[in-house]
Structure formats: structure tokens, C-alpha cells
Amino acid sequence: MTERYEVVVIGGGAAGLSGALMLARARRSVLVIDGGSPRNAPADGVHGLLARDGMPPAELLARGRDEVRRYGGHLADGEVDTVTRDGEDFTVVLAGGRRVRAGRLLVATGLVDELPEVPGLRERWGRDVVHCPYCHGWEVRDRPIGVLATGPLSVHQALLFRQWSDDVVFLRHTAPPLGDEQAEQLAARGVPVVEGEVASVEVVADRLAGVRLRDGRLVAREVLVAGPRMVARAGFLAALGLRAVAHPSGAGEHVPADPMGRTDVPGVWVAGNVTDPAAQVGAAAAAGALAAAAINGDLVAEETRRAVEARRRDVFSAETEARVSELVAGDRRHGL
Ligand SMILES: Cc1cc2nc3c(=O)[nH]c(=O)nc-3n(C[C@H](O)[C@H](O)[C@H](O)COP(=O)(O)OP(=O)(O)OC[C@H]3O[C@@H](n4cnc5c(N)ncnc54)[C@H](O)[C@@H]3O)c2cc1C
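How each quantity is defined
Residues numbered from 1 in each chain as written. Predicted model: local features only at pLDDT ≥ 70, side-chain atom pairs only at ≥ 80, totals over all residues. Heavy atoms only, no water. UniProt positions renumbered as here; feature names shortened; annotations may be inferred. Helix = DSSP H or I, 4+ residues; strand = E, 2+ residues; numbered from the N terminus. Buried < 20%, exposed > 50% of the residue type's maximum accessible area, 1.4 Å probe, protein only. Polar contact = N/O pair within 3.5 Å; in protein donor to acceptor, adjacent residues only side chain to side chain. Contact = heavy atoms within 4.5 Å. Near = heavy atom within 4 Å. Areas by Shrake-Rupley, 256 points an atom, 1.4 Å probe, with all protein chains shown as cover. Nonpolar A, V, L, I, M, F, W, Y, C, P; charged D, E, K, R; others polar. Domains from an automatic or database assignment. Pairing = 2+ DSSP bridges. Right-handed = clockwise from strand over helix to strand, strands pointing away.

In the nomenclature of an unreviewed UniProt entry, the chain corresponds to Thioredoxin reductase from the organism Micromonospora chaiyaphumensis. In its Catalytic activity (unreviewed entry) section, UniProt records this for the chain: "[thioredoxin]-dithiol + NADP(+) = [thioredoxin]-disulfide + NADPH + H(+)".

Visitor: I'd like a rundown of the side chain of Ser 165, residues and numbers included.
Guide: With respect to the helices, strands and loops of the structure, Ser 165 is situated in the loop between helix H5 (154–161) and strand S10 (168–171). Residue classification places Ser 165 among the buried positions, given a relative accessible area of 2%. Within the structure, Ser 165 has its side chain in polar contact with the backbone oxygen of Arg 143 (distance 2.8 Å). A distance of 3.0 Å separates a polar side-chain atom of Ser 165 from the backbone nitrogen of Asp 167. Not counting chain neighbours up to four residues away, the residues in contact with Ser 165 comprise Asp 142, Arg 143 and Ile 145.

Visitor: Talk me through the site of the ligand; I want residue IDs and the actual numbers.
Guide: Near the ligand lie 38 residues; those nearest to it are Asp 34, Ser 37, His 47, Val 80 and Ala 279. In this structure, His 47 approaches the ligand through a main-chain N or O atom, which is 2.8 Å from an oxygen atom. Protein burial of the ligand: of its 990 Å² of free accessible surface, 98% is covered by the chains. Taken together, the residues of the shell around the ligand break down into 15 nonpolar, 18 polar and five charged. Per-domain counts for the shell around the ligand show at least three residues from each of domain 1 (3–113 + 229–307) and domain 2 (116–226).

Visitor: Describe the pairing of strand S3 (residues 74–77), with residues and values.
Guide: Across four bridges, the pairing between strand S2 (residues 30–34) and S3 is parallel. Looking at the pairing, Val 32 lines up with Leu 75 of S3. Handedness of the S2-helix H2 (residues 57–70)-S3 crossover: right-handed.

Okay, structure coming up:
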């Protein structure tokens, strides 16, 4: 028989493990299925996370897995291929064919950072090619920074990174031409604009040295800021009618949900980067915990409803039995 859990958590990053911890502590049977590729894997440390600042991402997750196990939660390595509705349950199918049934789903599969297509850029991702000022700003403070502009949000990114360094250059690359207001803002904050498409990332002795433009010029920089397109990892939910849609910020695609993570598909919650591309580790963990509480509340409501129905049936049967006994006794009294 297919194994069944009250909740299956798909994705075991900060959001999924935090949700699983809450659910295991709520005495729910819970399985976390995780593909083992958290978004921040290339980074040395998790920054800006209270009481755990700088901890290597793998260590943080290893601790989280231990905590889930401590309360009886189950963990499985693997990628989920498909999820289908199976009566009141869901069937979750992993690559390799393993199947599990779930009463509720918490999807915490994060997102894919689609990086600009510039040769050499991907290899430096999370090291000296970065995107998030709150994750990396302190580490790159006061260094020569180039913002590789690819869209309308790039000006905002340049103005943010300017908070950490007074040597920021705006590389217009493939972004639309600047409007007057944007040009004025960059000029006022001392951010020069370099026109021309970037052809490659230059690296010397395993350090970023700058970017080479298509016309051959080298712009010397120690740090490059890129704005990836952030796309939720949600393809395996298609059979449920749940898919990623454009995020209102224009930053990519996400799975929409209410503030507790409840999606439009009954029984399915989402948490972390799969629904909120801006969530850092702390926010992803908090969202996982909130969604877990909502799932537990939903299960409690269902169990209460069933218990009330069962009780009503019992009371009805007892009353019916008593009435029948009364009628039979009456018949006997009348010699029938
Ligand atoms: C380079 C870089 C550096 C960063 N540095 C910081 C930082 O310093 N501080 C900070 O707070 N934030 C940082 N972040 C952001 C941080 O990565 C995210 O906030 C966090 O990873 C979101 O957690 P999550 O649980 O939503 O997703 P993830 O951590 O990405 O976890 C999702 C998990 O789901 C799994 N998964 C995906 N699809 C499937 C599937 N089909 N089946 C099974 N499992 C699946 C993945 O393998 C992964 O393990 C950084 C991000 C990047 C890119």
C-alpha cells in the first residue's frame, strides 16, 4: 500500500524545513522531500539572519533537518516529478517512481535565478557576481561595483548598492534607455552610466577584474550586480491546475497565495521564494511556519467536522434504537 502522510512538504530549504518543524511539533505525520539544491548554495554564508549570521547555508539546513527528525518528522532525498489529486488526498510521484499520498501539501521549492546570458557570469554567481544588497552589501562595501542593467529595476538596484559603496557604475547593457528622471537620480548620487553591451566577465587569478564591452573596452570592477529573472519551481503542480504567473514586481514568476500561503487549490499551501521572490532566509522560514500553522488549523477543522458528523450519527442511531425498542415493547403489551 502507498505510504501516507498527513502533510507532505515539497522542498527542504528554510521555508520547507521550518514548516515541517512546526507540523512535526503539532504531532502531524510529515514527510519532507528535498532535491538538495537550495538557492543560496553558492554563497559562503547566510547573512542578516539573527543569531545565525554568516552560518554556511548547508550547515543551517543540516541543523534544520536534525530538528525536524527530533520531533518524528521524516525526510527523503529526491525530486518530485508530478502531483495529482487522488480523491481527498494527493499522490506525489518522485523521479525514480516512488509514490506517497498526502492529505495536505506544503510547496516550498524556491525559485530558479535565470541569470543574464553573459559568458563567465554564472561561474562567479554568489561570489563576486551578486544580486541582493541585504545578503552581500556589507561584504562588498567600499569596493568598485558595476550594476549590469537588464531591465527597469536595475536603476533601483544601483541606487540601493550606492548605500554600501561610493564607487558604483551603471552598465546599461541591455536595459532600456534611461528616462530623464532616472538619469538625474543616478547623476545626483554620483553613479556614472556606461553605454554599450557587456560581452564577457573578466576574471584574473580567480577574482573578478571587470567586464569587457562589445567594443573592446574594459570596465574595471571588483563586484558585479546582476538582476536575475526569478522563476518559481512549480512545473510539477500543473496537473493540479496550479502554475506560476507573473509577479507584480516584474521580477519573474511566482505561485500566488494569501498571506498564510493558501493557494487557489484546496489543500495546497506555498511558502518561501516559490511565492515570494524577495523573501530572504528569515522571511522564508517565517512563511513556512505560518503556512504550517494554517495547515494544522485546516486539519483540526476537518477532524472536528468529521467528529461532529460521527457523533450526530451515533446520537441518531441511539435515538432510533430506543424508539424502535419502545415500539416493540408497546406491541408486546398489546399482544401483537
Ligand atoms: C547567491 C545567493 C546568496 C544569498 N544569500 C542570502 C543571505 O546571505 N541571507 C539571506 O537571508 N538570504 C540569502 N539569499 C536568499 C536565500 O537563498 C533565499 O531566501 C532562501 O533560499 C529561500 O528559501 P526557500 O526555502 O524558499 O527556497 P530554497 O532555499 O531554494 O529551497 C528550496 C528547496 O526545494 C528543493 N526543490 C526544488 N524543486 C523540488 C522538487 N521538484 N522536488 C523536491 N525538492 C525540490 C530544492 O532542491 C531546495 O532544496 C541568497 C540567495 C542567493 C541566490
